[in-house]
Amino acid sequence: MITQAVSAGAGVVSDPRPPGGKMGKDEFLTLLVAQLRNQDPANPSRPEEFAAQLAQFSSLEQLIQVNENLNAQAEANAAMALAMSNSAAVGVLGKTVLAAGDRVDIPADGSARVTVGVGGAGGTATVRLFDESGREVGSREVGTLGPGRREIDLGEAAEGLPAGRYRYEVSVQDADGNPVRVQTFTRAVIDGLRYGPQGPTLTSGGLEIPLADVVEIITQTD
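Conventions we followed
Residues numbered from 1 in each chain as written. Predicted model: local features only at pLDDT ≥ 70, side-chain atom pairs only at ≥ 80, totals over all residues. Heavy atoms only, no water. Helix = DSSP H or I, 4+ residues; strand = E, 2+ residues; numbered from the N terminus. Buried < 20%, exposed > 50% of the residue type's maximum accessible area, 1.4 Å probe, protein only. Contact = heavy atoms within 4.5 Å. Phe/Tyr/Trp six-rings, centres within 6.5 Å; stacked < 30°, edge-to-face > 60°. Lys NZ or Arg CZ within 6 Å of the ring centre and 35° of its normal. pLDDT = per-residue confidence, 0-100. Salt bridge = Lys/Arg side-chain N within 4 Å of Asp/Glu carboxyl O. Pairing = 2+ DSSP bridges. Axes fitted to C-alpha atoms, helices over the stretch in contact; angles between N-to-C directions.

1. Details of the overall build of the chain
Link 1 in the chain: For the chain, the helix and strand inventory stands at two helices and 15 strands.
Link 2 in the chain: A buried classification covers 30% of the 222 residues belonging to the chain.
Link 3 in the chain: Contacts in the chain between residues at least 24 apart in sequence constitute 66% of all its contacts with a sequence separation of at least 6.

See the structure below:
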């Protein structure tokens, strides 16, 4: 490899490497040209090393081009994904969605239900309701829930509660008394849309739902 300046008659080609010693494509080419100018064409010095330098330069050019192409493609893909997310977010305005979350809106008559995903083989379930301060305000023994996505009527857990938004938990135990994994979901009518660094965020009565958390758009509501 070329590692030092090359003398050219009365002048000297200065070391083109920037402070820190890192050599890029332009610096490498400058030294290569200097070597070509200052060797005897009839008796080039160390031709095998010169050939290796040419091969390295060619590989460097190709790698730089590949890297530039990949960066351009990544930027184009990111822009396309953002445009698709924005379009999808606008499409859910006014619709009911099911998203990862643990909130439930209870109407004045207390008739509400929640949706959960039960893992394993299912088991015996209990649902609990909490107010905004985190205080438990209601619970109900649900009975046996099979695996998969299930809906639970809150029933007596919501009786006598003021209308509003609550947080809920569902615990499930299998036949051996071991806890079973449960995924909770929030059902909400989307009334707004906000754009941020992490992408579109849907809003529903002050509740914020990242678009990425939406698992289903519900076309019909009961």
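2. So, the packing of aromatic side chains
Link 1 in the chain: Overall, the coordinates contain zero aromatic pairs when judged by the stated rule.
Link 2 in the chain: Over the face of the ring belonging to F185 we find R149, whose NZ or CZ atom lies 5.3 Å from the ring centre.
Link 3 in the chain: Geometry around F130 places R167 over its ring, the cationic atom sitting 4.5 Å from the centre.

3. So, the confidence of the model for the chain
Link 1 in the chain: Per-chain confidence: the chain averages 79 in pLDDT, with 68% of residues scoring 70 or above.
Link 2 in the chain: For the stretch residues 1–13, pLDDT sits under 50, and the model shows 24 contacts to residues farther than four places along the chain or on other chains.

4. Focus: the environment of A100
Link 1 in the chain: Here A100 is to be found in strand β3 (residues 96–100).
Link 2 in the chain: Along the backbone, A100 and V116 are 16 residues apart, and their C-alpha atoms lie at a distance of 9.4 Å.

5. Quick notes on the pattern of salt bridges
Link 1 in the chain: As enumerated under the stated definition, the model contains eight salt bridges in all.
Link 2 in the chain: The partner of E151 in a salt bridge is R187, and the shortest N-O contact between them spans 2.9 Å. Pair noted here: E151 is in strand β8 (residues 148–153) and R187 is in strand β11 (residues 182–189), with a separation of 36 residues, a long-range link.
Link 3 in the chain: Classification of E151 as partly exposed rests on a relative accessible area of 42%.
Link 4 in the chain: What you see here is one network of salt bridges that share partners, running through R113, E151 and R187.

6. Digging into the sheet that holds β11
Link 1 in the chain: If you walk across this open sheet you meet the five strands as β8-β5-β11-β3-β15, and the pairing is antiparallel. Both outer strands of the open sheet, β8 and β15 (214–218), are each paired with one neighbouring strand and no more. On average, adjacent strands in this sheet sit at an angle of 25° to one another, irrespective of strand direction.
Link 2 in the chain: Examined bridge by bridge, strand β5 (residues 113–118) and β8 share six bridges and lie antiparallel to one another. Residue pairing in the sheet places V114 in a bridge with I152 of β8.

7. Digging into the sheet that holds strand β14 (residues 207–210)
Link 1 in the chain: The strand order across the open sheet formed by three strands is β12-β13-β14, and the pairing between neighbours is antiparallel. Lying at the two open borders of the sheet, with one neighbouring strand each, are β12 (192–196) and β14. Looking at each pair of strands side by side, their axes are set apart by 30° on average, direction ignored.
Link 2 in the chain: Here β12 runs beside strand β13 (residues 199–204); their pairing, made up of five bridges, is antiparallel. Note that in β13 the partner of Y195 across the bridge is P200.

8. Observations concerning the pairing of β3
Within a regular strand, the side chains alternate between the two sheet faces.
Link 1 in the chain: Burial analysis of β3 places four of its five residues in the buried class, which makes it a mostly covered element.
Link 2 in the chain: In terms of strand pairing, β3 meets β15 through four bridges, oriented antiparallel. Each bridged residue has a counterpart across the sheet, and for A99 the counterpart in β15 is V214.

9. Some words on the environment of Y166
Link 1 in the chain: You can see Y166 is positioned in strand β9 (residues 164–173).
Link 2 in the chain: A residue is classified by how much of its surface remains accessible, and Y166, at 8% relative accessible area, is buried.
Link 3 in the chain: Spatially, the C-alpha atom of Y166 lies 9.2 Å from that of G134, the residues being 32 residues apart in sequence.
Link 4 in the chain: Setting aside its immediate chain neighbours within four residues, Y166 contacts D102, R103, V104, I106, L129, F130, D131, V137 and L161.

10. Examining the pairing of β14
Link 1 in the chain: Burial along β14 is one-sided: L207 and I209 are buried, and none of E208 and P210, which face the opposite way, are.
Link 2 in the chain: With four bridges connecting them, β13 and β14 associate as antiparallel partners. Bridge pairing in β14 links L202 to I209.
Link 3 in the chain: Hairpin connection, β13 to β14: the antiparallel pair is bridged by two residues, and G205 has positive phi, about 55°.

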